[in-house]
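Secondary and tertiary structure notes
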Amino acid sequence: MLAAPMGHAQEAESMDASLPVFEFHSGFWVNLHHFLYHEARVKMAAKEDAATESAAPKTDGPVLKQSATAASALTPAQQKLWEEAIAYYMANYAGKDLLINIDLILLKNQLGDFEDCTELTGKKQPRCDAGLPGKIGPLLESVAPIYRAHWWPDHDRANRRWVVRVAPLVREQGVGLSEKLADIYQTRWPKERIRVDVCAYANAGGAYTTLDPLRVTIASTDLRNQGPEAFEVLFHEASHSIALPVEAAISRECKQRDKPIPRNLWHALIFYTTGEVLRPIMRGTPAPEAEKGGGDAAPKPAPAPVKPNIVPYELRDILTQRGWEQYHLLLVLYWQPYLDGKVSFEDAIAHLISAA
Ligand SMILES: [Zn+2]
């Protein structure tokens, strides 16, 4: 019944360590954490739906088809432990935002740091005492064997497959793109490679980035992160860390004009910029492949329909909110000339803000 524990060092090594710009991880504990968070939110949403008698259950975003839920294969004792863990997440975390809640950010980072450990409380190995607050350490340990036996192999495989697919572009274009984006934002790309925790599930957006330390979390099974969007989401998320000069310039210009800072304008700007910078590269990128077994073969560069304009998923969503169509137009009119080298950064932001 006991699943053979995987060699964690071996796992870590098999992630492509030679890639530039990004350092990819498929960590056991961060994956378990995000999966429990996801399951708790699904359950919470179902409860709310039942309460309001609304028909369609809310989920956290479109997800690739996973192999049949393993929950039915759990013994009653395992089922109980698993339910308890989900209940704990519902009570303590599911109502909080992974992106901004400090407890969740610290927990996520710590779980990432302890990915090479098979425990978190240091009972067997003192170096594996993560010093986690409250009951979360023992709780995660209690369901670790269940997750490892029933879900982790699929999740880990999906993560690795995702990395294998973005790896060729990262290797060929990563350095050039990171320098280009840093130039655009008038800053420097971080010297260290950016840690990316690839997880079966992330937040409702499918990916998020936390700063100090800079870490990106990306959901490998999220439909919005497949194909060309996989590469785009990587650079969009990383841009969060280097777009601070843009945010600063926007707020400076607003202050000078006594204008309120247009909500999400900086975010729209980095969506737009990533899309524009990646567009030439994305021509000819193969469409998402059908699921296949192995996953170590690099995707064959097959001719794909040229995307006339990448409208990233999040932008598409936000476009429906008031103001966003306006932002897109403003960016085309006043930011694009800067990307084309026709006006300075300062002038572009000044024009953007006076028109906003
Ligand atoms: Zn973003």
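Relevant structure appears above.
Treat the numbers as computed from the prediction; the structure is a model and nothing was measured.

Definitions and cut-offs
- Residues numbered from 1 in each chain as written.
- Predicted model: local features only at pLDDT ≥ 70, side-chain atom pairs only at ≥ 80, totals over all residues.
- Heavy atoms only, no water.
- Pairing = 2+ DSSP bridges.
- Helix = DSSP H or I, 4+ residues; strand = E, 2+ residues; numbered from the N terminus.
- Axes fitted to C-alpha atoms, helices over the stretch in contact; angles between N-to-C directions.
- Contact = heavy atoms within 4.5 Å.
- Expected span 1.5 Å × (residues − 1).
- Buried < 20%, exposed > 50% of the residue type's maximum accessible area, 1.4 Å probe, protein only.
- Donors = N, O, S within 2.8 Å, 3.2 Å for Na, K, Ca; no water.
- Disulfide = S-S within 2.5 Å.
- Parallel < 35°, antiparallel > 145°, perpendicular 65-115°, else oblique.
- Nonpolar A, V, L, I, M, F, W, Y, C, P; charged D, E, K, R; others polar.
- Core = buried A, V, L, I, M, F, W, Y, C linked by side-chain atoms within 4.5 Å.
- Phe/Tyr/Trp six-rings, centres within 6.5 Å; stacked < 30°, edge-to-face > 60°.
- Lys NZ or Arg CZ within 6 Å of the ring centre and 35° of its normal.

On to the sheet that holds strand β4 (residues 215–219). An order of β1-β2-β4-β3 is seen for the 4 strands of this open sheet, with the pairing classed as mixed. Only two strands of the sheet have a single neighbouring strand rather than two, namely β1 (22–25) and β3 (207–210). Taking the axes of each pair of neighbouring strands and ignoring which way they run, one obtains an average angle of 20 degrees across the sheet. Across the face of the sheet, helix α6 (residues 152–184) comes into contact with β1, β2 (194–199) and β4 while running at roughly 165 degrees to β1. Helix α7 (residues 228–242) rests against β1, β2, β3 and β4 of the sheet, and its axis sits at about 25 degrees to β3.

In this section: helix α4 (residues 102–113). Here α4 contains 12 residues, and its C-alpha end-to-end distance of 17 Å stays within 8% of the 16 Å for a straight helix at 1.5 Å per residue. Within α4 the residues assigned to the buried category are Leu104, Ile105, Leu107, Lys108, Asn109, Leu111 and Gly112. Along its buried surface, α4 packs onto α2 (28–52), α5 (136–150), β2, β3 and β4.

Taken together, the protein ligands of the zinc ion are His236 (NE2), His240 (NE2) and His267 (NE2), with distances of 2.0 to 2.1 Å. Of note, the donors binding the zinc ion are all from one chain and are spaced H-x3-H-x26-H. With histidine 240 in helix α7 and histidine 267 in helix α9 (residues 265–282), this residue pair connects regions lying 27 residues apart in the sequence. Residue class for histidine 240 comes out buried when judged on its relative accessible area of 18%.

A few words on the state of the cysteines. Tallied over the entire structure, the rule returns 1 disulfide. A disulfide bridge connects cysteine 117 with cysteine 128, and the sulfur atoms are separated by 2.0 Å. Classification of the bridge connecting cysteine 117 and cysteine 128 rests on its S-S torsion, roughly -80 degrees, and on that basis the disulfide is left-handed. Taken together, the residues cysteine 117 in the loop between α4 and α5 and cysteine 128 in the loop between α4 and α5 connect sequence positions 11 residues apart. For the pair cysteine 117 and cysteine 128, a shared accessibility class is recorded, and that class is buried.

Taken N-terminus to C-terminus, the directions of helix α11 (residues 324–339) and helix α12 (residues 345–355) make an angle of 170 degrees; their axes are 8 Å apart at the nearest point. Taken together, α11 and α12 sit at an angle that is classed as roughly antiparallel. Residues Leu330, Leu331, Tyr334, Trp335 and Tyr338 of α11 pack against Phe345, Ala348, Ile349, His351, Leu352 and Ala355 of α12. Residue composition of the contact of α11 with α12, grouped by class: 10 nonpolar, 1 polar and no charged.

Looking now at unusual backbone geometry. Following aspartate 212, the chain continues into proline 213 via a peptide bond in cis, with omega recorded as 0 degrees. Position of proline 213 relative to the elements: it lies in the loop between β3 and β4. The phi angle at aspartate 212 is positive, at roughly 50 degrees, despite the residue not being glycine. Mapped onto the fold, aspartate 212 is located in the loop between β3 and β4. A positive phi angle, close to 55 degrees, is found at aspartate 258, a residue other than glycine. Within the element layout of this structure, aspartate 258 appears in the loop between α8 (244–256) and α9. Aspartate 258 sits in the exposed class, given a relative accessible area of 74%.

Another point: the nonpolar core. Counting 55 residues, the largest nonpolar core has Phe22, Phe24, Trp162, Trp189, Leu234 and Trp335 as its most contacted members. Ranked by the residues each element gives to this core, the list is headed by α6, at 10 residues. Non-local contacts of phenylalanine 24, meaning those with residues more than four positions away in its chain, are made with Met15, Leu19, Trp162, Val163, Val166, Val170, Val196, Val198 and Leu234. Core analysis: the next-biggest nonpolar cluster, separate from the first, contains 42 residues, Phe114, Ala130, Val143 and Ala144 among them.

Here a ring pair, both rings aromatic, is described through the centre-centre distance and the interplanar angle of the planes. With the rule as written, the count across this model stands at 19 aromatic pairs. Relative to tyrosine 338, the ring of tryptophan 335 lies with its centre 4.8 Å away and its plane at 50 degrees, an arrangement referred to as tilted. Taken as a pair, tryptophan 335 and tyrosine 338 lie in helix α11 at a separation of 3 residues, close to a single helical turn. Feature note: the residues Phe28, Trp29, Phe35, Trp82, Tyr147, Trp151, Trp152 and Tyr201 constitute an aromatic cluster, connected by ring pairs. The positively charged end of arginine 148 is found above the aromatic ring belonging to phenylalanine 28, 3.9 Å away from the centroid.

On to the side chain of serine 239, then. With respect to the helices and strands, serine 239 occurs in helix α7. Excluding residues within four positions of it along the chain, serine 239 makes contact with Leu181, Tyr185, Ile270 and Thr274.

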